[in-house]
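# Report on the structure
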Amino acid sequence: MRARPSVTTSTGPGPSSAAGTGERGAGNGVVLTVLHEDDLPPSRDLLHDLAGEVRYARRAELGDALRGSDALLMWDSFSPALREAWHHADALRWIHVAAAGVDRLLFDDLRASDVIVTNSRGVFDRPIAEYVLACVLAFAKDLPGSWRLQGERRWRHRVTERIDGKTVMIVGTGAIGREIARMLRAVGLTVLGAGRSTRDGDADFGAVYDSSRLAALVADVDYLVNVAPLTGETRRLIDADVLAALKPAARLINVGRGETVDTEALVEALRSGRLAGAALDVFEEEPLPAGHPLWSFPQVLISPHMSGDAAGWQEALADTFLENLRRYVAGAPLINVVDKHLGFVVSP
């Protein structure tokens, strides 16, 4: 029987950006399967240096590849293939997801198993924070309006808004939410947080409120930024009541999950003028269908789930996995370990 490294976990600091080289054959007892679709991870030579055997599989091939595999890299992070092939996972001990969100991966049998799940927390924090800042500025300075008028070759002066002194509530107080809070505070916004529980004196948010009471908290909010993971508690968290409680001049920015917002309620709020605008990077159905009413609102900014995909993001994802693979081979604590019942990494 093959000797396998022991698996320990850690929620400590994330990996450095340097991938390193390792020693060829250092993990000669480890069988790694990489689930991919059209593209493969960079630095594949390092995968082969660290693992004894590396198998590459598309969705239809995953079942056969999983037999005898110790570890699985979900490079195709949104694929449902693992659920379909789960009964073939006879030796699986660790899954790494090349994404921050794991809601599309987790299912009951996986949650009940002893398989460790890690994610790519830390890769997308800064790019998503920059995207959110860009949306705030685009709304405040009416950049979409300028682009429309430019296309029509019309010279029309308008008065724009200042962002300093405005209030933003960030729903989701994990690593990405904290990076957004730091960036928006740096440009003069007042930042509040909404998470699993109420607390004062938070280093990044100041005050954090219970997100289950969101409708009672947003009356004075200028920007409601959603970066919450998708869980049973957050599904359609931003519903008709929350949207109705916002002032008409407020805007919604969603960089979390599409299913955390009630889309029909959002469409109605935009149509009726009860909400000034929305910047949406995620949707309940992706790609957003061509006939969907959200496309037709001039006060809506739409991007195709790309807020975190800045140049070099695939290399950063690969580096994060390689750091954990080194740890796995060495029997050292893994980083970015997901609480499979909560659905995200719990900070220490």
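Below is a short write-up of the structure. (Residues numbered from 1 in each chain as written. Predicted model: local features only at pLDDT ≥ 70, side-chain atom pairs only at ≥ 80, totals over all residues. Heavy atoms only, no water.)

### Some thoughts on the nonpolar core
Heads up, the rule is: Among the buried residues, those of types Ala, Val, Leu, Ile, Met, Phe, Trp, Tyr and Cys that are joined through side-chain atoms within 4.5 Å form a nonpolar core. Note on exposure labels: buried denotes an accessible area under 20% of the residue type's maximum, exposed denotes more than 50%, and partly exposed covers the range between, all computed with a 1.4 Å probe on protein chains only. Strands here mean DSSP runs of E at least two residues long; helices mean DSSP runs of H or I at least four residues long; both are numbered from the N terminus. Contacts are residue-level and defined by heavy atoms, with any inter-residue pair within 4.5 Å sufficient.
Ranked by internal contacts, the top residues of the largest apolar core, which has 53 residues, are L32, V132, I170, I180 and I253. Mapped by element, the contributors of at least two residues to this core are β2 (31-35), α1 (44-50), β4 (71-74), α5 (125-140), β7 (167-171), α7 (175-186), β11 (223-226) and α10 (313-330). Per-element accounting of this core gives the leading share, ten residues, to α5. Contact partners of I170, with chain neighbours within four places excluded, come to G177, I180, A181, V191, L192, G193, A194, F205, V225 and V227. Core analysis: the next-biggest nonpolar cluster, separate from the first, contains 32 residues, V171, A207, L214 and F283 among them.

### Regarding the environment of D70
Here is the rule: Any pair of nitrogen or oxygen atoms within 3.5 Å is treated as a polar contact; in protein, a donor-acceptor pairing is required on top of that, and neighbouring residues in sequence qualify only through side-chain atoms on both sides.
Here D70 shows up in the loop between α2 (62-66) and β4. The class for D70 is buried, based on a relative accessible area of 0%. A C-alpha to C-alpha distance of 19 Å links D70 and D45, two positions 25 residues apart in sequence. Here the side chain of D70 touches V31 through a polar contact of 2.8 Å, landing on its backbone nitrogen.

### Topic: empty space enclosed by the protein
Applicable threshold: A cavity here means a set of 1 Å grid points, computed over protein atoms only, where a 1.4 Å probe fits but cannot escape. A pocket is an open set with protein on both sides within 12 Å along at least 5 of 7 lines, and lining residues have an atom within 4 Å of a point. Grid points are joined across faces, edges and corners, and a volume is the space filled by probe spheres set on the points. Ten residues, namely Ala, Val, Leu, Ile, Met, Phe, Trp, Tyr, Cys and Pro, are considered nonpolar, four, namely Asp, Glu, Lys and Arg, are considered charged, and the remaining ones, Gly among them, are considered polar.
According to the stated counting rule, one finds two cavities of 30 Å³ or more in the structure shown. Volume-wise, the largest cavity comes out at about 50 Å³. Contributing to the lining of the largest cavity are N254, G258, V261, T263, L266, L280, V282, F283, E284 and L294. Classifying every residue of the lining of the largest cavity gives six nonpolar, three polar and one charged.

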